[in-house]
Amino acid sequence: MNIKNAPSPGTNKTAGDSKKRTKRPAAGRPEDERLSIGSSFAYGFQHVLTMYGGIIAVPLIVGQAAGLSSSDTGVLIAAALFMGGLATLLQTVGIPFFGSQLPLVQGVSFASVATMVAIVTNGGGLPAVFGAVMVSAAVGLLIAPVFSKIVRFFPPVVTGTVITTIGLTLMPVAANWAMGGNSKAENYGSMANIGLAAVTLVLVLVLSKVGSATISRLSILLAMVAGTLIAAATGMADFSRVGNGPIAAFPTPFLLGTPTFDIAAIISMLIVVLVILTETMADILAVGEIVGTRTDSKRIAAGLRADMGSSLIAPIFGSFTQSAFAQNVGLVAVTKIKSRYVVAAGGVILVLLGLLPVMGRVVAAVPTAVLGGAGIVLFGTVAASGIRTLAKVEYRNNMNLIIVATSIGFGMLPIAAPTFYNQFPAWVSTIFHSGISSAAVMAILLNLLFNHLKAGNSENQSVFVAGTGRVVREEDLKCLAEGDRFENGKLIDCDGKEVAIESSEKASEH
């Protein structure tokens, strides 16, 4: 998955412009690259558009489950944007012991939705959710260094598997967006929605091929803007509600209730926090691989602390558990923009969206189908990056193939059959309902079993081992002469002349 040597679109034509546009620090870390303010905010806005649908989905779902009015649900959304921006700034810019200083966008974690809805509907209400989030985040903050120490158990066979699974598990999200996002709507899955998503996808591909590096790197944003304009011209985008509501508003502390502390709710959220820590660690490793920078245990611990620290204060402003957004990891891979300051600019935009609800309403008018068209490229890129990492794994005379096969298969179970774990205990469903967590747990355990606990291993212990090594028959070797070589599908002898290759059937006729 290491793409640091891959050429950016249009690089040959704009190399001189690139030097003027960017400034690399003396330390040479790719993520410390500084772009102009205009470019930083343009690329940062692209990150915001990419994750906007996901970040507002959680407060919408929880607000509906809690029976909140539209205005109170709007408060939840504003709080989610505001806290997502602060968490992103903490993660990218960083302070001592907090923040991985990597281009990671933070926001409300979707992994906690089912648990929070259960807490709300079981009588605890939002105050119980806020209390559970605060306590579980405090515990997560304490155990973050422990999680960071297991980084040596994340070799490419594990990280590649998890990153591939991240991309694959996000594809249903892209498909749902492309169909319209709301399965209860009359036009869900209509040709109009899917056609709009297809147009956006085509625009992304066409703009990516443009010779200008700037246009190519902004292809996602430009395609989404163009898609939205097309939707507005055809009546598929509604901007009529942009003027409804206040222009500016600051999140009021504890506006939706003072946290209460219920033991059962706290235990449920603790399980969710373990899942979030696992997913965030995978995202940190993934973006580190894409950027081409070192991600040691110290850096991972700082990233996990940023997650949990922002989650701890989120309920004060009416928000929930924060985590890294996997779809934005894909955007880093697509655009090749590795600067953490670009994502920090996106964090500033999120804060402004939280303080200026009118801006949030403008962005909310972007049709979901447009997001779906862009999401196909973004999420597919994450999977492709994972496959690239898996290509570096050694598969001969070991069990790495079965580790990858089993882990990806295990991760796909809840995606292929969302009700697979419905009859299991709640804690099992909470952990394994996420395909990312399922694949991560299985890959880690199998890597420990086969590559660290080697007692009982042999070179021929299963068909998976036997099938991974190449075998050349002895009679084939006897046909070769000293100096023969194989080039571009042709057999060349020591004098540089091509040797004819006959099929086995034709050779038997002689």
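As a starting point, this report considers the structure included with it. Think of each chain on its own: its residues are numbered from 1, step by step along the sequence as written. With the structure being a predicted model, the display of local features is reserved for residues of pLDDT at least 70 and the display and counting of side-chain atom pairs for 80 or more, all residues being used for whole-chain, interface and lining totals. Values shown for side chains rest on all heavy atoms present in the structure; no hydrogens or waters enter the calculation.

1. Here's the deal with the overall build of the protein chain
Right, so step 1: Counting from the N terminus, the helices are the DSSP runs of H or I reaching at least four residues and the strands are the DSSP runs of E reaching at least two. Counting its secondary structure elements, the protein chain contains 20 helices and seven strands.
Right, so step 2: Accessibility here uses a 1.4 Å probe with only protein chains present; expressed as a share of the type maximum, an area under 20% marks a residue as buried, one over 50% as exposed, and anything in between as partly exposed. Each of the 510 residues in the protein chain was classed as buried or not, and the buried ones make up 49%.
Right, so step 3: Whether two residues are in contact is decided by their heavy atoms, any of which lying within 4.5 Å being enough. At a minimum sequence separation of 6, the contacts of the protein chain that also span at least 24 residues come to 79%.

2. Here's the deal with the pattern of salt bridges
Right, so step 1: Any Lys or Arg side-chain nitrogen found within 4 Å of a carboxyl oxygen on Asp or Glu counts as a salt bridge. Summed over all chains, the structure comprises seven salt bridges.
Right, so step 2: Put simply, Arg-299 and Glu-31 hold a salt bridge, and the shortest N to O gap is 2.5 Å. Taken together, the positions of Arg-299 in helix α10 (residues 297–313) and Glu-31 in the loop between β1 (22–23) and β2 (34–35) put the pair 268 residues apart, joining distant regions of the chain. This pair shows no difference in class: Arg-299 is buried, exactly as Glu-31 is.
Right, so step 3: Asp-296 is the salt-bridge partner of Arg-294, the closest N and O atoms lying 3.9 Å from each other.
Right, so step 4: The exposed category is assigned to Arg-294, whose relative accessible area is 66%.
Right, so step 5: Shared partners join several salt bridges into a network, and the residues in it are Arg-29, Glu-31, Asp-32, Arg-299 and Arg-340.

3. Notes on the sheet that holds strand β7 (residues 498–499)
Right, so step 1: Strand pairing is defined by DSSP finding a minimum of two bridges between the two strands. Strand order in the open sheet made by the three strands is β5-β6-β7, with antiparallel pairing throughout. Either end of the sheet is taken by a strand with one partner, and the two such strands are β5 (485–487) and β7.
Right, so step 2: Examined bridge by bridge, strand β6 (residues 490–492) and β7 share two bridges and lie antiparallel to one another. Across the sheet, residue Ile-492 finds its bridge partner in β7, namely Glu-498.

4. A word on the nonpolar core
The tendency in soluble globular proteins is for nonpolar side chains to be buried side by side.
Right, so step 1: Residues enter a nonpolar core if they are buried and are Ala, Val, Leu, Ile, Met, Phe, Trp, Tyr or Cys, with the set joined through side-chain atoms within 4.5 Å. Judged by nonpolar contacts, the single largest core of 93 residues is most densely connected at Ile-166, Ile-220 and Phe-320.
Right, so step 2: The dominant element in this core, judged by the number of residues it contributes, is helix α9 (residues 263–291), at 15 residues.
Right, so step 3: Sequence-distant contacts of Ile-220, that is, excluding residues within four places in its chain, are made with Gln-46, Thr-50, Val-204, Leu-331, Val-334, Ala-374 and Leu-378.
Right, so step 4: Counting 13 residues, the second-largest nonpolar core is a separate cluster that includes Ile-55, Ile-77, Leu-81 and Leu-353.

5. So, a nonpolar patch on the surface
Right, so step 1: Nonpolar side chains (Val, Leu, Ile, Met, Phe, Trp, Tyr) within 5 Å and like charges within 9 Å form the patches, drawn only from residues with over 30% relative accessible area and no salt bridge. The Shrake-Rupley method, run with a 1.4 Å probe sphere, supplies the accessible areas, and residue values consider only the shown protein chains as cover. Judged by side-chain polarity, Ile-37, Phe-41, Val-348, Leu-352 and Met-359 come together as a nonpolar surface patch covering roughly 410 Å² of accessible area.
Right, so step 2: Mapped onto the nonpolar patch, the elements with two or more residues apiece are α2 (37–65) and α12 (340–355).
Right, so step 3: The residue Phe-41 is located in helix α2 in this model.
Right, so step 4: On the basis of relative accessible area, Phe-41 is assigned to the partly exposed category, the value being 34%.

6. Considerations on the packing of helix α8 (residues 219–233) against helix α14 (residues 368–390)
Right, so step 1: Interaxial angles span 0 to 180 degrees and are taken between N-to-C directions of axes, which are lines fitted to C-alpha atoms, for helices over the stretch in contact. For the pair α8 and α14, the least separation of the axes is 9 Å and the interaxial angle reads 155 degrees. For the element pair α8 / α14, the angle class is roughly antiparallel. Here α8 runs over α14; the crossing is right-handed. Residues Ile-220, Met-224, Gly-227 and Thr-228 of α8 form the contact with α14, whose participating residues are Val-370, Leu-371, Ala-374 and Leu-378.
Right, so step 2: Polar here means any residue other than Ala, Val, Leu, Ile, Met, Phe, Trp, Tyr, Cys and Pro, which are nonpolar, and Asp, Glu, Lys and Arg, which are charged; Gly is therefore polar. Of the residues contributing to the contact of α8 with α14, the split by class is six nonpolar, two polar and no charged. Oblique is the label for every angle not falling under 35 degrees (roughly parallel), over 145 degrees (roughly antiparallel), or within 65 to 115 degrees (roughly perpendicular). Two helices crossing with the near one rotated counterclockwise from the far one by less than a right angle form a left-handed crossing, whereas a clockwise rotation gives a right-handed crossing.

7. Re helix α6 (residues 191–208)
Right, so step 1: Taking 1.5 Å as the rise per residue, α6 with 18 residues should run 26 Å; its terminal C-alpha atoms sit 25 Å apart, in good agreement.
Right, so step 2: Inspection of α6 places Asn-193, Leu-196, Ala-197, Thr-200, Val-204 and Leu-207 among the buried residues, and these make up the whole buried set. Down the axis of α6, the buried side of the element spans an arc of 100 degrees, and every buried residue falls inside it. Exposed positions of α6 whose direction lies more than 90 degrees from the buried face are Met-191 and Leu-205. In a helix, the anticipated span is given by 1.5 Å times the number of residues less one. What the arc describes is the spread of directions from the helix axis to the C-beta atoms.

8. Considering the packing of helix α5 (residues 156–179) against helix α15 (residues 400–416)
Right, so step 1: It is at 10 Å that the axes of α5 and α15 come closest, and there the two elements cross at 25 degrees. Taken together, the axes of α5 and α15 are roughly parallel relative to one another. When the axes of α5 and α15 are compared, the crossing they make is right-handed. For the pair formed by α5 and α15, the contact residues are Val-157, Thr-161, Thr-164, Thr-165, Leu-168, Thr-169 and Pro-172 on the first element and Asn-400, Ile-403, Val-404, Ser-407, Ile-408, Gly-411, Met-412 and Ile-415 on the second.
Right, so step 2: Among the residues forming the contact of α5 with α15, the class breakdown is eight nonpolar, seven polar and no charged.

9. Describing the environment of Ala-314
Right, so step 1: Mapped onto the elements of the fold, Ala-314 is located in the loop between α10 and β4 (322–324).
Right, so step 2: On a C-alpha basis, the gap between Ala-314 and Gly-84 in space is 8.9 Å, while along the polypeptide they are 230 residues apart.

10. Points about α9
Right, so step 1: Compared with the 42 Å implied by 1.5 Å per residue over 29 residues, the 41 Å span of α9 between its first and last C-alpha is a close match.
Right, so step 2: Of all 29 residues in α9, 22 are buried; the element is thus mostly enclosed.
Right, so step 3: Phi turns positive one or two residues past the end of α9, at Gly-292, with a value near 85 degrees.

11. Notes on the side chain of Ser-39
Right, so step 1: Positionally, Ser-39 belongs in helix α2.
Right, so step 2: We call two N or O atoms a polar contact when they sit within 3.5 Å, provided that within protein one can donate a hydrogen and the other can accept it, with sequence-adjacent residues counted only if both atoms are side-chain atoms. At 3.0 Å, the side chain of Ser-39 forms a polar contact with the side chain of Ser-36.

12. Thoughts on the packing of aromatic side chains
Right, so step 1: Here is the rule: rings of Phe, Tyr and Trp (six-membered ring for Trp) pair when centre to centre is within 6.5 Å. Planes less than 30 degrees apart are stacked, more than 60 are edge-to-face, and the remainder are tilted. Scanning all chains against the criterion turns up five aromatic pairs.
Right, so step 2: Note on Phe-130 and Phe-320: the rings are 5.8 Å apart at their centroids and 20 degrees apart in plane angle, and the pair reads as stacked. Here Phe-130, found in helix α4 (residues 113–148), pairs with Phe-320, found in the loop between α10 and β4; they are 190 residues apart in sequence, far enough to count as distant.
Right, so step 3: Here Phe-320 falls in the buried class, since its relative accessible area comes to 1%.
Right, so step 4: For the ring pair Tyr-421 and Phe-424, a centre distance of 5.3 Å and an interplane angle of 65 degrees mean the geometry is edge-to-face.
Right, so step 5: What makes Phe-424 partly exposed here is its relative accessible area of 41%.
Right, so step 6: Put simply, the rings of Phe-82, Phe-250 and Phe-317 touch in pairs and so form one group of aromatic residues.

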